[in-house]
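# Structural overview
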Amino acid sequence: MRRLVRGVVAAWLVVLALVQVVGLALVWWIFIRTPHGQVLDASVLRAGSIGRSQVADLVDTLLDVVSLASLIGATIAIGFIAIARRRYRLAIVTTLLIVGATATSRVLKNIVIDRPDLGIAGTNIGAPNSLPSGHMTVAAAVTVAAVLVVPPRLCSLTAVIGTTYTALTGIATLSAGWHRPSDALAALLIVGIWASVGGHFLVLAQRHEPVQKPARPHHRTVAVLALVGGILLAATVLTIGLVDHAELTPPVELSTPRLIGAYLAGVTGIAGATCLLLAMVLSTVHRVVPTLDQPTLIDTIVEALPADPNGQPAAGTRPSGRPHTATATPPGSDQK
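The structure reproduced in this document is the subject of the present report. This is a predicted model, so every value here is computed, not measured. (Residues numbered from 1 in each chain as written. Predicted model: local features only at pLDDT ≥ 70, side-chain atom pairs only at ≥ 80, totals over all residues. Heavy atoms only, no water.)

### Observations regarding a nonpolar patch on the surface
The grouping of Val22, Leu26, Trp28, Trp29 and Ile30 at the surface amounts to a nonpolar patch, some 480 Å² of accessible area in total. Here Val22 lies in helix H1 (residues 2–33). (Patch = residues over 30% accessible without salt bridge, like charges linked within 9 Å, V, L, I, M, F, W, Y side chains within 5 Å. Areas by Shrake-Rupley, 256 points an atom, 1.4 Å probe, with all protein chains shown as cover. Salt bridge = Lys/Arg side-chain N within 4 Å of Asp/Glu carboxyl O. Helix = DSSP H or I, 4+ residues; strand = E, 2+ residues; numbered from the N terminus.)

As structure tokens, then:
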């Protein structure tokens, strides 16, 4: 039975990876190769100049967090946590996830993808080609890797904090005039592809690991992230419908209300897509990184914390807080 479940999860992760590859191709085609897509994208970029001076300091502070030094430091810290939990394959996979996603973004932006001039005024403001966003790639990759390596009790909290940070990073690139919304969306898809492929190999490798059972799932947080993401994307579609009057109006000729509406659509689109990415990762993390037969010290310490992010009792206690009998499962093991 356990082998069958592993096979189903591994196949599902492959499907997710393929769907995201198709999504990345669609983002490239719609927002770079079609006139209407370029206009929608550039309208948001142009709208970012409205009120930019009022938020410049905050935006610069947020974007300055993403640097080569911080990327190296975060990668080392994530690898250290995985090794401390005796998750050696996980340390390798998360490192490859961060490095691979970052490298993929750079190669696509600097070598593979070009942004043709379709002759529409205002569509080539800013960088001639900015897809995908390197800042968004780094923020999303580090967040996803962190969700994978932390103990199960901390996954939900890490996902919520990481979702907020990643979405704000993407929105900041819009406000700074560095990137278009499609750049951030492409970055999220690249990270999602690497996460799905990495998760696939981690699931296949479980037959060689002393795993006991799936870790504690995170149904509530997954549901909240998916619901919020769906609402935000629905708001994006609705806003685009209100500001896009079907005619191909150059961004330089759009009125201020329509520019503001386009910017709001870009913000909600980035935030919604980020929520869905983390919901996807969190929905399978308990299968991708199951509980080991012998919990490590860090897992035991975290499991001893009094509160659970999902509102569940700590491992080794009943809902009333009374310890189990001598037949209780070891600390760190799943109670479900």
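### Looking at the environment of Pro251
Relative to the helices and strands, Pro251 resides in the loop between helix H9 (219–243) and helix H10 (256–288). In the structure, Pro251 is positioned 129 residues away from Gly122 in sequence and 5.5 Å away in space, judged by C-alpha atoms. For Pro251, the residues in contact, after removing those within four places along its chain, are Val39, Ala42, Ser43, Arg46, Ile120, Ala121, Gly122, Thr123 and Leu259. (Contact = heavy atoms within 4.5 Å.)

### Quick word on the layout of surface pockets
One number sums up the size of the largest pocket: a volume of about 750 Å³. No other element matches H10, which puts ten residues into the lining of the largest pocket. Tallied by class, the residues present in the lining of the largest pocket amount to 23 nonpolar, eight polar and four charged. By volume, the second largest pocket is sized at about 250 Å³. Val66, Arg106, Gly134, His135 and Val138 are, among the 14 residues lining the second largest pocket, the residues nearest its centre. Its residues assigned to classes, the lining of the second largest pocket comprises five nonpolar, seven polar and two charged. (1 Å grid on protein atoms, 1.4 Å probe; cavity = no way out; pocket = protein on both sides within 12 Å on 5 of 7 lines; lining within 4 Å. Points joined across faces, edges and corners; volume = space filled by probe spheres on them. Nonpolar A, V, L, I, M, F, W, Y, C, P; charged D, E, K, R; others polar.)

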